[in-house]
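Listed here are the chains, written in short residue letters.
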Amino acid sequence: MRTLRFLLQKEFRQIFRNKALLPIIFFAPIIQLLVLPLAADYEIKNINITVVDNDHSGFSQKLISKIAASGYFKLADYAGSFNAGFHQMENDKSDLILEIPQGFERNLVRENEQNLFIAINAINGVKANLGGAYLNQIIADYNADIRLKWMPASKFNPMPAIEVTTSNWFNPSMNYRYYMVPGILVILVTMIASYLCALNIVKEKEAGTIEQINVTPIRKYQFILGKLIPFWVIGMFIFSVGLFGVGWLVYGIVPVGNLVLLYGYLSVYLIALLGLGLLISTYSETQQQAMSVAFFFMMVFILMSGLFTPIESMPRWAYAITQCSPVTYFVEVVRMIVLKGSSFENIRYHFLIMTGFAVLLNSWAILNYRKTS
Amino acid sequence: MKQFITFVKKEFLHVFRDRKTLLILFGLPIVQIVLFGFALTNEIKHSRIVVCDYARDNASQQIINKLEAGTQFVIEQSLLSHDQIESAFKSGKIKLVVVFPAHFYSDLQHFNKAQLQLITDASDPNTANTLSSYASRIVMDYQNELAGQHTIPYRINTVIRMIYNPELKAAVNFIPGVMSLILLLVCVLMTSVSIVKEKENGTMEVLLVSPFNPILVIISKTIPYLVLSLVNLSVILLLSVFVLGMPVNGSITLLYLVSTLFIITALSLGLLISNSTASQQSAMLISLMGMLIPSILFTGFMFPLENMPYALQLISNIVPAKWYYIIVKSIMIKGLGFSAIWKETLILSGMTVILLFVNIRKFKIRLA
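Residues numbered from 1 in each chain as written. Chains lettered and ligands numbered in written order. Predicted model: local features only at pLDDT ≥ 70, side-chain atom pairs only at ≥ 80, totals over all residues. Heavy atoms only, no water.

## Concerning the overall build of chain B
Right, on to step 1. Summing up its helical and strand segments, chain B has 15 helices and five strands in all.
Right, on to step 2. Compactness check: chain B gives a C-alpha radius of gyration of 28 Å against a globular reference of 21 Å for 368 residues, more than 25% above the reference.
Right, on to step 3. For chain B, the spread of C-alpha atoms along the three principal axes comes to 95 × 45 × 40 Å.
Right, on to step 4. Contacts spanning at least 24 positions in sequence make up 79% of the contacts within chain B whose residues lie at least 6 apart.
Right, on to step 5. Split by element, the accessible area of chain B, about 15,300 Å² in all, is 62% carbon and sulfur.
Right, on to step 6. Taking the average location of the 29 positive side-chain charges in chain B and that of its 20 negative ones, the two points are 16 Å from each other. (Helix = DSSP H or I, 4+ residues; strand = E, 2+ residues; numbered from the N terminus. Rg over C-alpha atoms; globule rule 2.2 N^0.38 Å. Contact = heavy atoms within 4.5 Å. Areas by Shrake-Rupley, 256 points an atom, 1.4 Å probe, with all protein chains shown as cover. Lys, Arg positive; Asp, Glu negative; His and termini not counted. Charge placed at Lys NZ, Arg CZ, Asp CG, Glu CD.)

What follows is the structure, encoded as structure tokens:
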């Protein structure tokens with residue numbers, strides 16, 4: 001026990017002595033948590049639309065002002081021709097082109113039917129789909145207005161109408177930041193804990209100081225605990241600052257769930273992650289290798305954790321991969337507890353899996369760790 | 001010149017001697033481009049929903065059938081009580097509940113008007129929004145079918161054409177983004193360590209006392225990484241085209257030229273980090289902690305840049321990957337020529353010049 005205490009003292013001192021490292025460990029995550037949620041907003045708005053109005057009628061004017069007033073679209077420009085509009089799309093100045101054909105008003109009145117042409121930049125398929133749907137909706141509303149105006153109300157046989165009301169639970173203001181802040185916090189804590197842990201041990205390997213420790217009567221488990229505990233503490237600390245200092249004070253996110261439950265999960269999660277860092281370090285000879293491997297895992301973890309993109313939509317094999325990453329579970333759990341107040345019952349399965357990760361990764365790392373090389 | 005070549009050779013040997021690192025450097029981009037190319041999508045499919053059908057009539061059944069027919073929804077079960085809805089949301093198993101009130105069909109028949117409620121788990125507002133708009137659209141379709149029996153006067157139809165990506169494949173958007181991300185991060189990561197490592201090992205001193213121009217020292221250090229990155233780029237491109245089915249509609253020569261420029265930008269950035277840090281650990285932490293998430297967000301392939309607050313849009317301008325992403329899209333997908341990307345190319349060139357200049361300045365200061 002005494003040995004462990006001295007080891008811990010040494011580790012903490014080494015961390016706090018490194019003046020170059022401290023700001024990266026403590027400030028980088030906090031600053032990123034302050035700024036990045038503002039950037040991670042997928043709500044589709046401000047779609048740039050170019051209108052090619054070949055009709056120049058009262059009808060087309062009214063349609064255009066209805067589109068501009070909808071709040072979804074920003075009139076990028078009026079183009080003289082479709083080709084001019086297309087040129088703007090090539091230059092990313094416009095996402096959508098609406099072409100109103102010549103004689104739109106006249107034909108609509110005379111022939112009872114008229115087409116509008118829409119071209120959409122579909123490189124981002126979801127944006128394209130939604131943009132098209134919004135525009136269609138506006139045109140349908142506009143169409144209904146015209147019908148009302150041109151047809152005497154008495155003769156009008158009302159169409160069947162299904163009124164759809166939507167009620168949004170847990171986040172009625174639909175604030176995307178509530179969703180992003182806890183998720184990004186998880187990633188930042190994950191990166192700090194796993195990188196630091198992996199690098200720290202490999203650094204001792206590279207510098208040769210690990211040999212010195214190995215010849216002392218320090219036990220394997222003491223050495224490993226001495227390495228893990230400081231980063232576990234740092235992880236807990238950063239998470240708390242992020243959750244209360246940034247999430248609560250800055251973004252006004254009050255965790256609705258049980259904090260004991262959240263911290264309980266966090267503890268197990270950090271143990272699992274540190275196990276991963278430890279495992280990486282046992283396989284690497286240089287810091288560069290450790291870093292590259294950690295980087296690989298981190299990128300896969302981040303992009304496939306459901307943090308930014310939905311994971312249920314992935315192909316089955318890819319979904320299976322997401323289920324092999326501890327980050328996926330914690331991103332889900334933190335959002336569940338903080339935003340929805342989920343109980344232990346709801347996350348029992350997640351707890352079980354995370355405990356499994358912790359046991360598996362750590363035992364693997366310890367077995368692979370050789371005191372004598 | 002001869003000295004320089006010897007030097008470059010030495011650096012190459014350095015890089016190639018470390019087989020493990022080399023394997024990682026080549027393996028990672030391959031795995032990642034395939035993984036992300038196939039897996040990443042912003043589409044929301046197979047969302048589990050619950051239907052509370054208090055009506056159990058013709059109309060509700062027809063709408064339920066329609067909901068089930070597409071790929072968006074998987075109907076999980078029929079719940080009846082409100083408490084059960086809340087606990088289902090809390091367990092995270094479902095995202096949307098569709099509630100049909102009693103007498104749904106008879107309301108529709110007798111009053112030509114019926115109500116339907118959607119309850120979403122808005123802790124994820126994006127999914128909630130998308131799912132409720134999918135569901136509303138399906139209900140609209142059903143309504144139009146009902147109305148379809150009458151001929152409606154003054155009808156405006158829309159003809160929609162999806163340009164550049166008619167099949168709406170997610171890969172078309174994500175591949176150029178992932179390409180920019182991988183090239184940037186791998187380059188920065190590799191070079192950020194290079195000088196700092198020599199500093200840590202003390203071998204830098206040896207270099208500095210040699211009668212060798214410090215600028216050439218820097219250049220010779222980056223050349224192997226430049227070559228490696230070009231090989232990486234080729235592998236990524238081959239995979240994108242032959243495995244993921246991405247088009248290269250524009251000039252491949254132009255793509256290579258601009259990519260080389262981008263790689264040099266990234267390498268200079270890595271060098272700057274290397275020049276300004278004292279240990280490998282800080283160099284790597286800066287390049288990863290400081291760059292990984294910001295690059296993902298500010299490249300613009302994940303979240304549209306034009307939605308961000310103005311200050312963040314300004315910040316995004318200093319992320320080289322943003323400009324490269326625009327260039328790759330323009331050349332590969334839109335098939336445009338240099339005239340369309342000269343601005344982005346100029347910006348990347350400017351960044352490179354500035355970074356190199358700062359590097360040389362910093363390096364000289366250390367010499368003195």
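Continuing now.
## Observations regarding the sheet that holds strand β3 (residues 96-100) of chain A
Right, on to step 1. Sheet architecture is open: five strands sit in the order β2(A)-β1(A)-β3(A)-β4(A)-β5(B), paired in mixed fashion. The open sheet has two edge strands, β2 (73-78) of chain A together with β5 (155-163) of chain B, and neither has a second partner. Between one strand axis and the next, the sheet turns by 25° as a mean value, whatever way the strands run.
Right, on to step 2. Packed onto the sheet, helix α5 (residues 104-111) of chain A meets β3 and β4 (113-121) of chain A together with β5 of chain B and runs at close to 135° relative to β4 of chain A. (Pairing = 2+ DSSP bridges. Axes fitted to C-alpha atoms, helices over the stretch in contact; angles between N-to-C directions.)

## Brief notes about the confidence of the model for chain B
All names here are of chain B.
Right, on to step 1. Looking at chain B, pLDDT values average 86 and 97% of them are 70 or higher.
Right, on to step 2. Across chain B, the secondary-structure element scoring lowest on mean pLDDT is helix α8 (residues 203-209), at 74, and the one scoring highest is helix α14 (residues 320-333), at 95.
Right, on to step 3. Of the two predicted TM-score estimates for the complex, the pTM is 0.88 and the ipTM is 0.86. (pLDDT = per-residue confidence, 0-100.)

## Points about the environment of Ile 201 of chain A
Residues and elements named next belong to chain A.
Right, on to step 1. On the secondary structure map, Ile 201 appears in helix α7 (residues 176-207).
Right, on to step 2. C-alpha of Ile 201 to C-alpha of Ile 224: the two residues are 23 residues apart in sequence and 9.4 Å apart in space.
Right, on to step 3. Ignoring anything within four residues of it in the chain, the contact list for Ile 201 reads Ile 210, Lys 227, Leu 278 and Ser 281.

## Section: the packing of aromatic side chains
Right, on to step 1. Applying the stated rule across the entire model yields 29 aromatic pairs over all chains.
Right, on to step 2. Their ring planes at 75° and their centres at 5.6 Å tell us that Trp 169 of chain A and Phe 89 of chain B sit as a pair that is edge-to-face. Within this pair, whereas Trp 169 of chain A is found in strand β5 (residues 161-169), its partner Phe 89 of chain B is found in helix α4 (residues 82-90), the two belonging to separate chains. Of the two residues, Trp 169 of chain A and Phe 89 of chain B, both sit in the buried class.
Right, on to step 3. When the centroid spacing of 5.6 Å and the interplanar angle of 15° are considered together, the rings of Phe 223 of chain A and Tyr 369 of chain A count as stacked. Of this pair, Phe 223 of chain A sits in helix α9 (residues 220-248) while Tyr 369 of chain A sits in the segment after α14 (344-368), placing them 146 residues apart in sequence. You'll find Phe 223 of chain A and Tyr 369 of chain A in the same group, each marked buried.
Right, on to step 4. Chaining the aromatic ring pairs together yields one cluster made of Phe 239, Tyr 263, Tyr 265, Tyr 269, Phe 330, Phe 344 and Phe 351 of chain A. (Phe/Tyr/Trp six-rings, centres within 6.5 Å; stacked < 30°, edge-to-face > 60°. Buried < 20%, exposed > 50% of the residue type's maximum accessible area, 1.4 Å probe, protein only.)

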